[in-house]
Amino acid sequence: EVSDGKVKIGILNDQSGVYSDFGGQNSYEAALMAVEDFGGKVLDAPIEVVTADHQNKPDIASNIARQWYDNEQVDSIMELTTSSVGLAVQALSVDEKKITINTGAATTELTGAQCSPYGFHWAYDTHALAVGTGGALVQEGGDSWFFLTADYAFGYSLEENTGNFVKGQGGTVVGSVRHPLASTDFSSFLLQAQASGAKVIGLANAGADTQNSIKQAAEFGITQGGQKLAALLFTLADVHGLGAEAAQGLNLTESFYWKRNPESEEFGRRFLERTGSMPNMVHAGTYSAVTSYLKAIEAAGTDETEAVAAKLHELPVNDVFAQDGKVGANGRLIKDVYLMEVKAPADITEEWDYYNVLATIPGSEAFMDPAESGCPLVTQ
Amino acid sequence: MTAPLLETAGLQAWYGESHVLHGVDLHVNEGETICILGRNGMGKTTTLRTIMGILRKRTGRITFAGQDMMSVPLHKTARAGLGFVPEERGIFATLSVEENLMLPPKVADGGMSVAEIYDLFPNLLERRNSPGTKLSGGEQQMLAMARILRTGARCLLLDEPTEGLAPVIINAIGDVLRQLKQRGMTVVLVEQNFRFAAKVADRFYLMDHGTMTAEFPVSDLPNRMDLLHRELGV
Amino acid sequence: MPDMAREIAGGKSEPVPAEHVAIHPRAGTVQLALLAVIAAALLLAPQFLYPIFLMKLLAFGLFAAAFNLLLGYTGLLSFGHATFFGGAAYFTAHAVKVWGWSPEAGIGLGVLGAAALGLVMGAVAIRRQGIYFAMITLALSQMFFFFCLQAGFTQGEDGIQSVPRGTLFGVFDLSDTMTMYYFVLAVFIIGLLIIWRFVNSPFGMILKSIRENEQRAVSLGYSVSRYKLGAFVMSAALAGLAGGVKALIFQFATLTDVAWQMSGEVILMTLLGGIGTLAGPVVGAGLVVTLQNYLATSDFPVTIITGVVFMVCVLVFRRGLIGELLESSFGRRFFASRRTRE
Amino acid sequence: MTMIFGIPVAALMGQLLVGLINGSFYALLSLGLAVIFGLLRVINFAHGAQYMLGAFTALLLLTEGGVNYWLALILAPLIVGLFGAIIERTMLSRLYKLDHLYGLLFTFGLALAIEGTFRYYYGASGMPYAAPAALTGAVNLGFMFLPIYRGWVVVASLIVCLGVWFLIEKTKLGSYLRAATENPVLVQSFGVNVPLLLTLTYALGAGLAAFAGVLAAPVYQVSPLMGSNLIIIVFAVVVVGGMGSILGAIVTGYMLGVVEGLTKVFYPEASNIVIFVIMAIVLILRPAGLFGKDA
Amino acid sequence: MTVAPAMTQTEPRVVLSARGLGKDFAGFTAVNDVDLDVEHARIHALIGPNGAGKTTVFNLLTKFLQPTRGTITLLGQDITRTKPDKVARMGLVRSFQISAVFPHLTVRENVKVALQRPAGLAVQFWKPLSSLDRLNGRADQLIDDLGLTPYRDHRAADLSYGRKRVLEIATTLALDPQVLLLDEPMAGMGQEDVRMVAEIIRDVAQTRAVLMVEHNLNVVADICHHVTVLQRGEIIATGDYATVSADPRVRSAYMGTEA
Ligand SMILES: Nc1ncnc2c1ncn2[C@@H]1O[C@H](COP(=O)(O)OP(=O)(O)OP(=O)(O)O)[C@@H](O)[C@H]1O
Ligand SMILES: Nc1ncnc2c1ncn2[C@@H]1O[C@H](COP(=O)(O)OP(=O)(O)OP(=O)(O)O)[C@@H](O)[C@H]1O
Ligand SMILES: [Mg+2]
Ligand SMILES: [Mg+2]
């Protein structure tokens, strides 16, 4: 009993802009891999994956989503990099009664005040990043922070979460400055951060923005001056893009590392062969999301939204991405995340071998307790 | 007799929709100075502008030195040996006197050297570094002529060179024109100042409403005074 | 300063030929029949086509027609009309979503807001003419863009999302797509009628004469800048009408609507359809929207096509589709009276 | 720490310098626009795209041909200038006899097409272009670390701006250009090939944009849309300076860069808008612009 | 009932006057120290060689240009700082040296545009065009007076040069101005038209003041009551035609004969 005789999954993300390395085309490949690994069929119905570039514009994204739902019988949309898009498409999907599984966006709003009965948040969120990277730096003595924040939902969420976390640990936030998405010149913001005298400059941005911030901070001698940079959202793809030389020593938080165990390594190498790069948490998360969605359809015996959503909430997640992951009532996948350090170039033994895993942060610490998330669905 | 250096036949021209030249026939021999007389607005300036190719909405025939000029683009007219001194003189305000003087490219050998020009117009030498439009009207007129003499043009089209000038300067310009004639320069002069024209021109055309209504040599002038009186109020 | 490039190219463009084409005796019938066909098509269209797409088309059609009111009838090229379109979208979205206003009140606020923005921008911009005017409107609208990026109520990059469509006059539930469609259609028709009336009014006559010879209009005692400002505000208000409706159609107001690319798009629509014709901008909008829709999910960037179409239109096709049609012998016979610009 | 208006002097100086660096790009770009506008009366909307083309040419020269920065700094402007010349000759020149607005619209379309094409092939994200080895590193000025490359940007832009100013104000070619701006027909009747001059001018303007693009590549990365927002700021700079004024464009470019830098210190929220606000004020008080003559 | 002030049409009454008028363009003085009095029911000619500043004086009087020096008074009011459209509404209307019509409007529409404002039908954007129909009568009357009836529905662009000038005069008269400024109204006209327009001007001048620039000295001699000669921006002579034309300075500067 699959509607229109097939299951159609849309991968909607940034494929040409600042976040195209972060998720991009490779997320689509991850979804295809998941479908192939699943056998190409569910409940005897073929599975199809479509993809589109939303250029980081929420309006473009929701137009495409609407068209997919209304005209092209798409059953669920995943990936949804960047928070503004994630929120827009999740809200639209409530009206359209469709499932969204977000692996690319970071904001905790998705499972907080704006949570949805059919919306899931899979790979990571700003809370996890704050606890992981923020926690590590505060422990090292970085107790005064200045934030360089991307000027939209994601940046605010990341700044707020990290700031609260830092303050909770007894640290202070001395200031912040906001920059437009996809800036090319961070020099004046960095000079402000420098002038603030904070010990840590928190980069509450992502993708190419973070890469550029780090590079220009080096140019202006900020790290030589003794201030430390915290790349709050930085993934393997970004390390690769920036180069190990410039990235060495950075602390970062990811919920996936290909070299962590044999299964993930096997998946990583298959992915590398296919795409030319190792997966980061967004790619692995997308693989996991598609797999879990298909499993839920199978378990529900239908692709009807309510039933599938119920199964997604119910079933534990066990795959290359998550072990014993659980989905909270707010739609949050709760699983372990890892604190990494980027190796010095000399220590790198093979390509893509960028991380030392410093710590594993259990899911219950990394993610907010659903009951405290502010999601109206939880309290009922 | 050799063919005239410059000749037009049935030349018509328009400013937008207004038809100004209604068939101008004119010929100038090498070394000759002719003068076009006529009241205001009869089309004298237009005739010169049309020959130069500045006014391009035109029909008819223009031949210069045996070459058909109708299809020659504006920037090549000068290279054929025609030099134009416009009524408004066209001195460039953003250029100094010397820059103004040096502006037109040399188109042929045989032009005057800068030294010769300064000899001819000592005022210009004195003021060669001031901005072009700071010159007096007469000086501007001299500069406008001097500018063309450098280029080696064989035929000068002069539009009212004496307009607004004091008699003494008019005399000076008259001298210059006579000197040029000795050097073999061909000149087409447009004038309202009949007395001046009478001293320099070899032959006259009378223009009325876009056509030439009369043509006569300077020797015939006494017989024509009546006509001129009627037409020009001379 | 003299106008060199133009002079080099040989003065102002060709004079208009004084042809007299007889108007076909049945021209009126043909026009009426055509109108009837269009009306029927618009009423029935949502049965066959994706209603959201149709609504988008109508909204942009109205936007382009409003823009053309300025360019086509006063000769002012505004490169900042996104300000009115997008600004109104924000006002409407905010009023409806945050203050819980009814849709008609929200749209009303959008129109008024756009008119107010038009008054401010117009007052500065009409101090200069031609390209200066275009550049100033562009710069001012970029200023408004940055304002929207930073003002709290616009939600920055996120935009105002999930705007409820609400209930029109407390009766019609606009969350129903068909109801919404007929509402948009009604607004579209009303908007076009307003434009038509405006153009064919005593005021429109003065605008036309100002465009034809501004100095002369001044010498006849018309305060040209006030008339221009009036037209500017009117055009802004109508663009705001389109923007407010757009916010309800897509339930969204974002930076895209106030970005300069949007101002460029509306120029393209008008240029493509035919500047100074009533139907041209609408047809142009239809083409552009269709093209964008067709390419939305492909990865081929619309901007390449947009850019090339722009260049081709400017180089060889300046009258636009409708303009060319009206200029054809067919158009001259049947639509002669409709032509308002050379 | 010494303070001025509650801002540490060091931070203030730093922001001023950063403003000056941005101003260098504004000056170079508005200079090119002013040169083109002065003679062709075309607002070159494609100027931002030509700036981007310069950066891309440098990048492609490096990746495809192994051509280094210094050579690219010369080659890229020549290549883009040639491209500009072809565009002018084959298309733009047909529009001179029409309303100037068509030139604006044409170059607008051209910009969209060029940027769209590069976006199609290279995506919208920036691609790094390394600064030449000789210019890496930073010098400690006491109040800040100045990356040597950015210092070079200021110097190079000053040299080129002065060079172009010299070319136009002090050379024979420049005297043709200035004279042709005043009275093109007369200059042409002197036998100067003004259409060719127009082509060269457009090529010069495009080449200047490309030069700025190459300079910008190591600072801002190379991306297809790098010029599209910048160009509007540059328009405002040109309006403030006075359309067509060479000196006005240069001076205003640096000045507004610095003003923008200061705004970032005192009222960061307005830093994006400040140039447009200044433009509006200038228009109201002095419609011809600060250095413009025609009212 | 009180007796109306004794003001007959023949009594000279200055309606437009300028004192010490001057205009500089970037260091160049185009008009200098011009005093001018234009009287009701009189035709005043302004003549002078090309570039003497005649058009500039017109532009100054009609406020299309702001004077550098001097004052202008219209009907007793100082208009030195008034905007040009306001001046037109006060009753001072001009024609242009380069013919100024609305080329794509018909002859009748051209005239109606001028009639609209005094009729209070200019800002009504909500009324249909047909509301302008009530101006047709007056428009057709003017068109007829000037002999343009056969061309009433032609587009202005299609008229001959001379007829455009006539049309321009018609639009100007439609405003029923107190003072009429005509810049070379006969330029480019055939002999026929010149005579007709001269008649028209003489006619309309019976009830209003006319200031005109004209190169056609026959016309000036024929219809003008008063002549002012301008040279290099300054007045070199003023008076009736006979006086002025006998002035040696005028003869040398304008008529082209050295005394
Ligand atoms: N740029 C122009 N546009 C339209 N008409 C023009 C233009 N220049 C001149 N005319 C008209 O063309 C006719 C001939 O003008 P032209 O300048 O050739 O006369 P002219 O004989 O040189 O007179 P003058 O002695 O005053 O210099 C005049 O009626 C004039 O009004
Ligand atoms: N806007 C301006 N800027 C600079 N100079 C100007 C301007 N307008 C006119 N002039 C100059 O002022 C002088 C007087 O010009 P004006 O047009 O008033 O002469 P005119 O007497 O009307 O001549 P014509 O009989 O040829 O029409 C001329 O030298 C002209 O070049
Ligand atoms: Mg002349
Ligand atoms: Mg004049």
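Our structure is the block above this text.
Given the structure is predicted, the values throughout are model-derived calculations rather than measurements.

*Asks:* Whenever I open this one, the overall build of chain A confuses me. Can you help?
*Replies:* Broken down by element type, chain A carries 14 helices and 15 strands. In chain A, which comprises 380 residues, the proportion classed as buried is 64%. Here the contacts in chain A between residues at least 6 apart in sequence split such that 70% fall between residues at least 24 apart. If you sum the accessible surface of chain A, you get close to 12,000 Å²; carbon and sulfur atoms cover 47% of it. Once the 23 positive and 50 negative side-chain charges of chain A are each reduced to a mean point, those two points are 1 Å apart.

*Asks:* Would you mind showing me how to read the coordination of the magnesium ion (ligand 3) here?
*Replies:* Note on metal geometry: ideal angles are 109.5 degrees for four donors arranged tetrahedrally and 90 or 180 degrees for six donors arranged octahedrally. Protein coordination of the magnesium ion (ligand 3) is provided by Thr 45 of chain B (OG1) and Glu 87 of chain B (OE), with donor distances spanning 1.8 to 2.7 Å. On the criterion of sequence distance, the pair formed by Thr 45 of chain B in helix 1 (residues 44-52) and Glu 87 of chain B in the loop between strand 6 (82-85) and helix 3 (97-102) is long-range, its members being 42 residues apart.

*Asks:* Got a minute to help me understand unusual backbone geometry in this structure?
*Replies:* Most peptide bonds are trans, and most residues other than glycine sit at a negative phi. The phi dihedral of Lys 97 of chain A falls on the positive side, at around 55 degrees, and the residue is not glycine. Structurally, the position occupied by Lys 97 of chain A is in the loop between helix 3 (83-96) and strand 5 (99-102). Residue class for Lys 97 of chain A comes out partly exposed when judged on its relative accessible area of 35%. Notably, Ala 65 of chain B is not glycine yet its phi reads approximately 50 degrees, a positive angle. With respect to the helices and strands, the residue Ala 65 of chain B is situated in the loop between strand 4 (58-64) and strand 5 (67-68). A relative accessible area of 38% means that Ala 65 of chain B is categorised as partly exposed.

*Asks:* It is not clear to me how the packing of aromatic side chains should be interpreted in this structure. Could you clarify?
*Replies:* Aromatic ring pairs are described here by two measures, namely the spacing of the ring centres and the angle between the planes. One pass over the full model with this rule turns up 44 aromatic pairs over all chains. Consider the rings of Phe 84 of chain C and Phe 232 of chain C, whose centres lie 5.7 Å apart with planes at 90 degrees: the pair is edge-to-face. On the criterion of sequence distance, the pair formed by Phe 84 of chain C in helix 4 (residues 82-97) and Phe 232 of chain C in helix 10 (residues 224-250) is long-range, its members being 148 residues apart. For the pair formed by Phe 84 of chain C and Phe 232 of chain C, the shared burial category is buried. The structure contains a cluster of three or more aromatic residues connected by ring pairs, namely Phe 79, Trp 260 and Phe 310 of chain C together with Phe 45, Phe 108 and Phe 235 of chain D. Sitting above the plane of the Phe 321 of chain A ring, Lys 335 of chain A keeps its charged end 4.6 Å from the centroid. Of note, Arg 94 of chain E hangs over the ring of Phe 64 of chain E, and the distance from its end group to the ring centre comes to 5.0 Å.

*Asks:* When you look at the interface of chain D and chain C in this model, what are you seeing that I'm missing?
*Replies:* It is common to give the size of an interface as the accessible area that goes away when the parts come together. Between chain D and chain C, the contact holds 56 residues from the first and 50 residues from the second. Roughly 5,100 Å² of surface becomes buried between chain D and chain C when both sides are summed, with 77% attributable to carbon and sulfur atoms. Applying the counting rule to chain D against chain C returns zero salt bridges. Connecting chain D to chain C are zero residue pairs in polar contact (both at pLDDT 80 or more). The biggest single contributor to the side of chain D that touches chain C is helix 4 (residues 100-122) of chain D, with 14 residues. Across the side of chain D that touches chain C, the residue classes break down as 39 nonpolar, ten polar and seven charged.

*Asks:* For this particular structure, what's the right way to read the state of the cysteines?
*Replies:* Where two cysteines share a covalent bond between their sulfur atoms, that bond is called a disulfide. For the structure on display, the rule yields one disulfide over all chains. The disulfide bridge from Cys 115 of chain A ends at Cys 375 of chain A, spanning 1.9 Å between sulfur atoms. Its S-S torsion of about 70 degrees marks the bond between Cys 115 of chain A and Cys 375 of chain A as right-handed, since a negative value means left-handed. Of the two residues, Cys 115 of chain A is situated in the loop between strand 5 and strand 6 (119-121) and Cys 375 of chain A in the loop between helix 13 (363-366) and helix 14 (376-379); the sequence distance between them amounts to 260 residues. When sorted by exposure, Cys 115 of chain A lands in the same class as Cys 375 of chain A, which is buried. Unpaired in terms of disulfides, Cys 35 of chain B finds its nearest cysteine sulfur in Cys 155 of chain B, a separation of 14 Å.

*Asks:* Can you walk me through the sheet that holds strand 3 (residues 43-47) of chain E in this structure?
*Replies:* Adjacent strands of a sheet form backbone hydrogen bonds with each other and so pair up, either parallel or antiparallel. Residues and elements named next belong to chain E. Strand order in the open sheet formed by six strands is 6-7-8-3-9-10, with mixed pairing between adjacent strands. Each edge of the open sheet is held by one strand with a lone partner, namely strand 6 (92-94) and strand 10 (234-239). The sheet shows a mean angle of 15 degrees between the axes of neighbouring strands, direction not considered. Bridge count between strand 3 and strand 9 (residues 226-231): four bridges; the pairing is parallel. Residue pairing across strands places Leu 46 opposite Thr 228, the latter belonging to strand 9.

*Asks:* Explain the pattern of salt bridges to me, please; I cannot follow it from the model alone.
*Replies:* Any two side chains of opposite charge can pair, so long as their charged atoms come close to each other. For the structure on display, the rule yields 37 salt bridges over all chains. Between Arg 150 of chain D and Asp 185 of chain A there is a salt bridge; the shortest N-O distance is 3.3 Å. Of this pair, Arg 150 of chain D sits in helix 5 (residues 148-170) while Asp 185 of chain A sits in the loop between strand 8 (172-179) and helix 6 (187-196), placing the two residues on different chains. For the residue pair Arg 150 of chain D and Asp 185 of chain A, the accessibility class agrees, reading buried in each case.

*Asks:* It is not clear to me how the pairing of strand 10 (residues 228-231) of chain A should be interpreted in this structure. Could you clarify?
*Replies:* The side chains of a regular strand alternate between the sheet's two faces. Residue and element names in this part refer to chain A. Relative to strand 10, strand 9 (residues 200-204) runs parallel, the two being bridged by four bridges. In the sheet register, Leu 203 faces strand 10, and the bridge partner there is Ala 231. With helix 7 (residues 207-219) bridging strand 9 and the parallel strand 10, this β-α-β connection has right-handed handedness.

*Asks:* Can you walk me through the packing of helix 1 (residues 24-38) of chain A against helix 11 (residues 281-300) of chain A in this structure?
*Replies:* Packed helices, taken two at a time, are described by the angle their axes make and the gap between the axes. Residue and element names in this part refer to chain A. Between helix 1 and helix 11, the least distance of the axes is 8 Å, while the angle of their chain directions is 35 degrees. Two packed elements cross with a definite hand, and for helix 1 against helix 11 that hand is right-handed. Contact with helix 1, carried on its side by Asn 26, Ser 27, Ala 30, Ala 31, Met 33, Ala 34, Val 35, Asp 37 and Phe 38, involves Val 282, His 283, Thr 286, Tyr 287, Val 290, Thr 291, Leu 294, Lys 295 and Glu 298 of helix 11 and no other residues of that element. Each residue belonging to the contact of helix 1 with helix 11 can be placed in one class, and the counts come to ten nonpolar, five polar and three charged.

*Asks:* I keep staring at the sheet that holds strand 8 (residues 186-191) of chain B and nothing clicks. Help me out?
*Replies:* Residues and elements named next belong to chain B. Pairing is mixed across the open sheet formed by six strands, whose spatial order is 6-7-8-3-9-10. Every other strand in the sheet has two partners, leaving strand 6 and strand 10 (211-217) as the edge strands with one partner each. Pairwise comparison of adjacent strand axes, ignoring direction, gives a mean angle of 15 degrees for this sheet. Relative to strand 10, strand 9 (residues 203-208) runs antiparallel, the two sharing six bridges. Note on strand 10: the bridge partner recorded for Arg 203 is Pro 217. Strands in contact with helix 1 are strand 3 (33-38), strand 6, strand 7 (155-159), strand 8 and strand 9; relative to strand 7, the strand with the most contacts, it is inclined by about 145 degrees.

Analysis parameters
- Residues numbered from 1 in each chain as written.
- Chains lettered and ligands numbered in written order.
- Predicted model: local features only at pLDDT ≥ 70, side-chain atom pairs only at ≥ 80, totals over all residues.
- Heavy atoms only, no water.
- Helix = DSSP H or I, 4+ residues; strand = E, 2+ residues; numbered from the N terminus.
- Buried < 20%, exposed > 50% of the residue type's maximum accessible area, 1.4 Å probe, protein only.
- Contact = heavy atoms within 4.5 Å.
- Areas by Shrake-Rupley, 256 points an atom, 1.4 Å probe, with all protein chains shown as cover.
- Lys, Arg positive; Asp, Glu negative; His and termini not counted.
- Charge placed at Lys NZ, Arg CZ, Asp CG, Glu CD.
- Donors = N, O, S within 2.8 Å, 3.2 Å for Na, K, Ca; no water.
- Phe/Tyr/Trp six-rings, centres within 6.5 Å; stacked < 30°, edge-to-face > 60°.
- Lys NZ or Arg CZ within 6 Å of the ring centre and 35° of its normal.
- Buried area = accessible area lost by both parts, 1.4 Å probe.
- Salt bridge = Lys/Arg side-chain N within 4 Å of Asp/Glu carboxyl O.
- Polar contact = N/O pair within 3.5 Å; in protein donor to acceptor, adjacent residues only side chain to side chain.
- Nonpolar A, V, L, I, M, F, W, Y, C, P; charged D, E, K, R; others polar.
- Disulfide = S-S within 2.5 Å.
- Pairing = 2+ DSSP bridges.
- Axes fitted to C-alpha atoms, helices over the stretch in contact; angles between N-to-C directions.
- Right-handed = clockwise from strand over helix to strand, strands pointing away.
- Left-handed = near helix turned anticlockwise from the far one by under 90°.

Purely spatial values, then, with no claim about function.
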